Amino acid sequence: MSSSAARPRVRMTGVQRRRQLLDIGRELFAQKGFEATSIEEVAARADVSKPVVYEHFGGKEGLYAVVVDREMEALLGRFTSALSAPGHPREMLERAALVLLDYIEEETDGFRVLTRDAPVASGAGSFSSLIGEVARKVEHILARQFDDRGYDPGLAELYSQALVGMVALVGQWWLDTRSPGKHEVAGHLVNLSYNGLAHLEPRPKLSGAPDTPSPPR
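The name that an unreviewed UniProt entry assigns to the chain is Transcriptional regulator, TetR family, with the source organism given as Blastococcus mobilis.

Next up, the structure:
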């Protein structure tokens, strides 16, 4: 019995096939990067011919761009939701730190795609552009806080870039280390950003976070 007879090709709608190709592309771009991923491998994983992939995305750059746009939209949506909720400024910082760490934990392939270098000729967004968009949202929140406390609201842009950049870089580091745990990492991020080096707490904890011991080093 031939392999094709043993495993008949699954017929999908156009929407289903596009979603399948996006999921496969996401996985391959995360594992291998843009340059090392080929349309041939995407097509083989999907059990379709190369023209099917070209029909949906026009080429590897088109597939990559849609994968990146989808991840950026998902992560930005999480940030927007977290930063829009009312609360104390420290709670806002806690939510922002946990949003990124939760995303890394739950959508590791998506985060790897976002943090890899995009092809030079690609129109796809980048992780830096995403972080810039998040920083602009944080800037509006900080400007209100600065104004209420008698600080110069014009400095909100600088502080928002510093805060968001710090969280983003720590997130990239934590992507591979995964130690300490995300709540402890978020606690230290908030400790530095909210208390400052002059007022660091010796054992920072998030508000309402579970009291879990640090993993052995």
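Novice: Explain the UniProt feature "DNA-binding region" (unreviewed entry) in the chain here, please?
Specialist: UniProt's feature table lists "DNA-binding region" (unreviewed entry) at residues 38-57, given in the numbering used throughout. As annotated, residues 38-57 comprises 80% helix and 0% strand, and the C-alpha atoms at either end are separated by 13 Å.

Novice: Looking at this structure, how should I read a nonpolar patch on the surface?
Specialist: A surface patch of nonpolar side chains, amounting to about 300 Å² of accessible area, comprises Leu155, Leu158 and Tyr159. Within the secondary structure, Leu155 sits in the loop between α8 (127-148) and α9 (156-177).

Novice: Where do I start with the environment of Glu61 in this structure?
Specialist: The residue Glu61 is located in helix α5 (residues 60-84) in this model. Overall, the relative accessible area of 43% leaves Glu61 in the partly exposed class. Along the sequence, Glu61 and Phe34 sit 27 residues apart, while their C-alpha atoms lie 8.6 Å from each other.

Novice: Help me understand the pattern of salt bridges, please; the structure alone is not making it clear to me.
Specialist: Here the idea is simple: oppositely charged side chains can pair when their charged atoms come close. Overall, the coordinates contain 14 salt bridges when judged by the stated rule. Note that Glu41 is salt-bridged to Lys32, the shortest N-O span being 2.6 Å. Judged by its relative accessible area of 22%, Glu41 falls in the partly exposed class. Lys32 sits in the partly exposed class, given a relative accessible area of 35%. Across the pair Arg136 and Glu133 runs a salt bridge whose closest N-O atoms are separated by 2.9 Å. A residue pair is termed a helical-turn pair when its members lie 3 or 4 positions apart in one helix, as Arg136 and Glu133 do in helix α8 at three residues. Note on Arg136: relative accessible area 43%, which makes it partly exposed. Three or more residues joined by partner-sharing salt bridges are found here, namely Glu27, Lys32, Glu41 and Arg45.

The rules behind each value
Residues numbered from 1 in each chain as written. Predicted model: local features only at pLDDT ≥ 70, side-chain atom pairs only at ≥ 80, totals over all residues. Heavy atoms only, no water. UniProt positions renumbered as here; feature names shortened; annotations may be inferred. Helix = DSSP H or I, 4+ residues; strand = E, 2+ residues; numbered from the N terminus. Patch = residues over 30% accessible without salt bridge, like charges linked within 9 Å, V, L, I, M, F, W, Y side chains within 5 Å. Areas by Shrake-Rupley, 256 points an atom, 1.4 Å probe, with all protein chains shown as cover. Salt bridge = Lys/Arg side-chain N within 4 Å of Asp/Glu carboxyl O. Buried < 20%, exposed > 50% of the residue type's maximum accessible area, 1.4 Å probe, protein only.

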